[in-house]
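Close look at the chain arrangement
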Amino acid sequence: MHPQLAADLDRLPDLLEVTRRHAVTFLDGLTKAPVVPDRPAPRAVPLPAEAAGLQAALRDFAARWEPGLSASAGPRYLGFVTGGATPAALAGDWLTATVDQNAMSSLDATGQHLERETVGWLRDLFGLSDGHHGALVSGATMSNTVGLAIAREWLGERLGVSPAEDGVAALGTVRVLSGSPHSSVAKGLSMLGLGRAALRTVATLPGREAVDPVALERALRETDGPCVVVANAGTVNTVDFDDLRAVAALRDRYGFWLHIDAAFGAFATLSPEHAHLVDGLDLADSLCVDLHKWLNVPYDSAVQFTRRRDLQARVFQNAAAYLGPLGEHPDLVHLTPENSRRLRALAAWFTLRAYGRDGHREIVERCVACAHTLGAAVEGVEGLCLLAPVRLNVVCFTLAESPTAERLAALAGGLAAEAFLTPTVHAGRPALRAAFSNWRTTQADTRRIAAALERAVRELPRPRG
């Protein structure tokens, strides 16, 4: 063994303690640190030729890279839809690296059993029936892609072919209908060989991002052959929800595959006041839920569910003697694109075991309350315009005067030390979006963000002309 590896192994308990103290210091500083530091990237250096050891690497990381890291794990990072890591999830993730399991095969099965228990807990958390089976994947993009891959095989089944065996050309023209699809849907269609052009946007309800069921039925009547409908349970801009039961009723008449993108909207199930938004979630043929959003587990983590695990295994099966069996209960290696991956279920298992339904309901309801507080504050700031009602955990707004992408970028830049918001375009208008999903965020943080936003608007240069 290399002498430096041997030295680090001998000192491993002490080195892990140093790392623990460093991590705690970083986490303790999240409430005070700039949310997005204004700091250029460090100058690249060549790969070291000689071993210096873990402690030297930690010093170098702390000096060169850590100062530029955002406070994305903290309470005022409202960009994208980013959660953090609950204490239990953080511990689970640390242990994930410690035990270093590849949970894909029944030949070494404990990690696989743990993932199945975790998926069962998630199924219960979201009010799904036992007809849904699932597996963990890296994020919403991969969850949507897996769901669409199963849908692709279902299309083949209806036509008497198997795209997994015969290729997508055997399907002919494919249509995927959706009101306000997330960008990951088009990306998934591209990866699956169905093509971005397969996605047809259907009209939404007036002033909404929810699909118009009448327009959807019209599009279904005009579509030749079986197709896929992607319903939305929480759009990215305004957290709008399709009427899932109405969409499912159309499936009974027109026979399409129903994929529901509920990346973060599924968590509305936990709040009695908002559970009606996801009424009908269980009717999905396939379902996407992102866990590194509102479950607050570290990147990367999402879950996919489907009622047709047989088709899923037909797509993703991997025939090799050293892999586990296919059978009635396929090993995880036969259910997702990966042959090997870390035991990402462990962080989710820890946070679900530690805080249960009640703890995660409290996170959801607190985030929703904070979003309403910021929404009310936006309405009270001269120069800002709320673009949609706050339905759940996202506040979408713009400048009342000259809302150009450049001016909104300047506004976001003026907030960067206090809060991070992401740009978007809603109904053709450049806007900003604040998404509340971090377990640490409180009303005090929200008031601080609102005050910073008011200052930033006041200090924004007037538009020319």
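Located above this text is the structure these notes cover.
Residues numbered from 1 in each chain as written. Predicted model: local features only at pLDDT ≥ 70, side-chain atom pairs only at ≥ 80, totals over all residues. Heavy atoms only, no water.

Turning to the side chain of E217, a few remarks are in order. Position of E217 among the secondary structure elements: in helix α9 (residues 213-221). A distance of 3.3 Å separates the side chain of E217 from the side chain of R253, its partner in a polar contact. Among residues more than four places away in sequence, those in contact with E217 are L250, R253 and Y254. (Helix = DSSP H or I, 4+ residues; strand = E, 2+ residues; numbered from the N terminus. Polar contact = N/O pair within 3.5 Å; in protein donor to acceptor, adjacent residues only side chain to side chain. Contact = heavy atoms within 4.5 Å.)

Pairing in this open sheet of 7 strands is mixed, and the strands run β1-β7-β6-β5-β4-β2-β3 from one edge to the other. Looking at which strands have only one partner, the edges of the open sheet turn out to be β1 (133-137) and β3 (199-201). Direction aside, neighbouring strands of the sheet carry axes that sit 20° apart on average. As judged from the 5 bridges shared by strand β6 (residues 286-290) and strand β7 (residues 302-306), these two strands associate in the antiparallel manner. Residue pairing for β7: V289 is matched across the bridge by V303. (Pairing = 2+ DSSP bridges. Axes fitted to C-alpha atoms, helices over the stretch in contact; angles between N-to-C directions.)

So, on to helix α10 (residues 244-254). Taken residue by residue, α10 has L244, V247, A248, L250 and R251 as its buried positions. Buried residues of α10, viewed axially, fall in a sector of 150°; they line one side. Residues of α10 that are exposed and point over 90 degrees away from its buried face: D252 and R253. On its buried face, α10 sits against α9, β4 (228-232) and β5 (257-261). Following α10 by one or two positions, G255 adopts a phi angle in the positive range, close to 65°. (Buried < 20%, exposed > 50% of the residue type's maximum accessible area, 1.4 Å probe, protein only. Arc of directions from axis to C-beta.)

On to unusual backbone geometry, then. Cis geometry is found at the peptide bond from Y299 to D300, where omega equals 0°. Residue placement: D300 occurs in the loop between β6 and β7. Notably, D100 is not glycine yet its phi reads approximately 50°, a positive angle. By the element assignment, D100 lies in the loop between α4 (87-99) and α5 (110-125). If you check the backbone angles, V239 has positive phi at about 50° while not being a glycine.

On to the nonpolar core, then. In terms of nonpolar packing, the biggest core is built from 90 residues, with F126, I260, L281, L291 and L411 touching the most fellow members. Of the residues forming this core, the biggest block, 13 residues, is contributed by helix α12 (residues 345-380). Not counting residues within four places of it along the chain, the set of residues in contact with L411 comprises L384, F397, L399, L432, L453, A456, V457 and L460. Grouped together as the second largest cluster of nonpolar side chains are 25 residues, I150, V174, A186 and A302 included. (Core = buried A, V, L, I, M, F, W, Y, C linked by side-chain atoms within 4.5 Å.)

This part covers helix α6 (residues 140-159). Helical geometry: 3.6 residues make up each α-helical turn, so side chains three or four residues apart lie on a common side. The first and last C-alpha atoms of α6 sit 29 Å apart over 20 residues, in line with the 28 Å expected at 1.5 Å per residue. Of all 20 residues that make up α6, 15 are buried, and the element is covered over most of its length. A positive phi of about 80° marks G160, the residue just after α6. (Expected span 1.5 Å × (residues − 1).)

Adjacent strands of a sheet form backbone hydrogen bonds with each other and so pair up, either parallel or antiparallel. What the 4 strands build is an open sheet, ordered β8-β9-β11-β10; its pairing is antiparallel. Each edge of the sheet is formed by a strand with only one pairing partner; in this case those strands are β8 (384-386) and β10 (422-426). Across the sheet, the mean angle from the axis of one strand to that of its neighbour is 40°, orientation sign disregarded. Here 4 bridges tie strand β9 (residues 394-399) to strand β11 (residues 429-435), and the two strands are oriented antiparallel to one another. By the bridge assignment, V394 is partnered in β11 with A435. The sheet strands contacting α12 are β8, β9 and β11, and the helix crosses β9 at an angle near 15°.

Looking now at empty space enclosed by the protein. Here the structure, examined in full by the defined rule, presents 1 cavity of 30 Å³ or more. Roughly 40 Å³ of internal volume is contained in the largest cavity. In this structure, the largest cavity is lined by D93, P298, Y299, D300, R342, R344 and A347. Considered class by class, the residues forming the lining of the largest cavity number 3 nonpolar, no polar and 4 charged. (1 Å grid on protein atoms, 1.4 Å probe; cavity = no way out; pocket = protein on both sides within 12 Å on 5 of 7 lines; lining within 4 Å. Points joined across faces, edges and corners; volume = space filled by probe spheres on them. Nonpolar A, V, L, I, M, F, W, Y, C, P; charged D, E, K, R; others polar.)

Moving on to the environment of C370. Mapped onto the elements, C370 comes out in helix α12. C370 sits 77 residues away from R447 along the chain, and the two C-alpha atoms are 8.9 Å apart. In this structure, C370 is in contact with F436, T441, T442, Q443 and T446, ignoring residues within four places of it in sequence.

In a structure, side chains of opposite charge can pair up when their charged atoms sit close to one another. If you walk through the whole model with that rule in mind, you get 25 salt bridges. We note a salt bridge from R314 to E153, for which the minimum N-O separation is 3.5 Å. A residue pair is termed long-range when its members are at least 10 positions apart, and R314 in helix α11 (residues 309-316) and E153 in helix α6 qualify at 161 residues. For E153, a relative accessible area of 0% gives the class buried. Linked through salt bridges whose partners overlap, the residues forming this network are E115, D300, E338, R341 and R344. (Salt bridge = Lys/Arg side-chain N within 4 Å of Asp/Glu carboxyl O.)

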